[in-house]
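Spelled out from the first residue to the last, the chains are:
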Amino acid sequence: MTTGTGAYMGEQYIGSAYVSENLRHLTELTYGKTEGIYGPDVEQFNLQYSYSPFAYQIKKIQTNILGVGFIISHWNGPAGFVESPGHYPEKNYYPMTRYRASLLFTHSWTYQNWSVFANWALLDQTAIALYNNPEYTNKKEVWSSGFGLRWTW
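Residues numbered from 1 in each chain as written. Predicted model: local features only at pLDDT ≥ 70, side-chain atom pairs only at ≥ 80, totals over all residues. Heavy atoms only, no water.

**Observations regarding the overall build of the chain**
Moving on, step 1. Across its full length, the chain carries two helices and nine strands.
Moving on, step 2. Going residue by residue from the N terminus, the α and β elements of the chain occur as β-β-β-β-β-β-α-β-β-α-β.
Moving on, step 3. When contacts within the chain are restricted to residue pairs at least 6 apart in sequence, long-range pairs at least 24 apart make up 52% of them.
Moving on, step 4. As displayed, the chain offers around 9800 Å² of accessible surface, 63% of which is attributable to carbon and sulfur atoms. (Helix = DSSP H or I, 4+ residues; strand = E, 2+ residues; numbered from the N terminus. Contact = heavy atoms within 4.5 Å. Areas by Shrake-Rupley, 256 points an atom, 1.4 Å probe, with all protein chains shown as cover.)

**So, a nonpolar patch on the surface**
Moving on, step 1. A cluster of nonpolar residues, Met-1, Ile-14, Tyr-31, Phe-45, Ile-61, Trp-109, Tyr-111, Trp-114, Val-116, Leu-149, Trp-151 and Trp-153, forms a patch on the protein surface that exposes about 1300 Å² of accessible area.
Moving on, step 2. Among the secondary structure elements, those contributing two or more residues to the nonpolar patch are β7 (99–111), β8 (114–123) and β9 (143–151).
Moving on, step 3. Its location among the elements puts Trp-153 in the segment after β9. (Patch = residues over 30% accessible without salt bridge, like charges linked within 9 Å, V, L, I, M, F, W, Y side chains within 5 Å. Salt bridge = Lys/Arg side-chain N within 4 Å of Asp/Glu carboxyl O.)

**Here we look at the packing of aromatic side chains**
Where two aromatic rings form a pair, the distance of their centres and the angle of their planes describe that pair.
Moving on, step 1. Evaluation of the coordinates by the stated rule reveals five aromatic pairs.
Moving on, step 2. Ring geometry for Tyr-31 versus Phe-45: centroids 5.5 Å apart, planes at 55 degrees, classification tilted. Here Tyr-31 is found in strand β3 (residues 25–34), whereas its partner Phe-45 is found in strand β4 (residues 42–51), with 14 residues between them in sequence.
Moving on, step 3. A relative accessible area of 30% places Tyr-31 in the partly exposed class.
Moving on, step 4. Taking the relative accessible area as the measure of exposure, Phe-45 reaches 49% and is therefore partly exposed.
Moving on, step 5. A network of ring pairs unites the aromatic residues Trp-114, Trp-151 and Trp-153 as a single cluster.
Moving on, step 6. Across from the ring centre of Trp-75, 5.3 Å away, lies the NZ or CZ of Arg-100, which sits over that ring.
Moving on, step 7. It is Arg-150 that lies over the ring of Phe-117; its NZ or CZ is 4.3 Å from the centre. (Phe/Tyr/Trp six-rings, centres within 6.5 Å; stacked < 30°, edge-to-face > 60°. Buried < 20%, exposed > 50% of the residue type's maximum accessible area, 1.4 Å probe, protein only. Lys NZ or Arg CZ within 6 Å of the ring centre and 35° of its normal.)

**Brief notes about the environment of Ile-58**
Moving on, step 1. By secondary structure assignment, the location of Ile-58 is in strand β5 (residues 55–58).
Moving on, step 2. When its relative accessible area of 54% is taken as the criterion, Ile-58 is described as exposed.
Moving on, step 3. The spatial distance from the C-alpha of Ile-58 to the C-alpha of Trp-109 is 10.0 Å, given a sequence separation of 51 residues.

**Thoughts on the pairing of β9**
Moving on, step 1. Along β9, the buried face is formed by Ser-144, Gly-146, Gly-148 and Arg-150; none of Trp-143, Ser-145, Phe-147, Leu-149 and Trp-151, which line the opposite face, is buried.
Moving on, step 2. Across nine bridges, the pairing between β8 and β9 is antiparallel. The partner of Ser-115 across the bridge, within β9, is Arg-150. (Pairing = 2+ DSSP bridges.)

**Looking at the pattern of salt bridges**
Moving on, step 1. Applying the stated criterion across every chain, the model contains one salt bridge.
Moving on, step 2. Put simply, Arg-150 and Glu-28 hold a salt bridge, and the shortest N to O gap is 3.0 Å. Placement of Arg-150 in strand β9 and of Glu-28 in strand β3 is noted, with a sequence separation of 122 residues between them.
Moving on, step 3. For Arg-150, a relative accessible area of 7% corresponds to the buried category.
Moving on, step 4. By relative accessible area, which is 1% here, Glu-28 ends up buried.

**Quick look at a negative patch on the surface**
Moving on, step 1. Side chains of Glu-11, Glu-35, Asp-41 and Glu-43 sit close together on the surface and give a patch of like negative charge.
Moving on, step 2. As for its placement among the helices and strands, Glu-11 is situated in the loop between β1 (2–6) and β2 (12–19).
Moving on, step 3. For Glu-11, a relative accessible area of 38% translates into the label partly exposed. (Lys, Arg positive; Asp, Glu negative; His and termini not counted. Charge placed at Lys NZ, Arg CZ, Asp CG, Glu CD.)

Next comes the structure, spelled out in structure tokens:
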């Protein structure tokens, strides 16, 4: 079981995870929710995978220094963008943006069955917008950080 906040997975999220025996591979399926700033609340489902090649044992605590992976999210609506009256070239432009991808970096500490972790995520389309229009994009929106707790049995 896992619960956490941020990293583009929702202000709060809960779900289940599979952690490999050596604690280096993690696959997670979560449900997240974020309070809507410009409209209704955003609900989303997230699929996450990360691999931590640098894991060290310090007495009874294992720490994964840097994990790298990805998050694929499905949002409940066109929450990533405010719809505009302008015409976009692709049909169903807004429904397509319900699926988002993020590059994920993780760090965790595990003691017995409990893990505390921190995540940093780089959002796909926001990073592309920053590259194409650096003067218009808020750089704080490119990265999202979060933390959480995981219990394994």
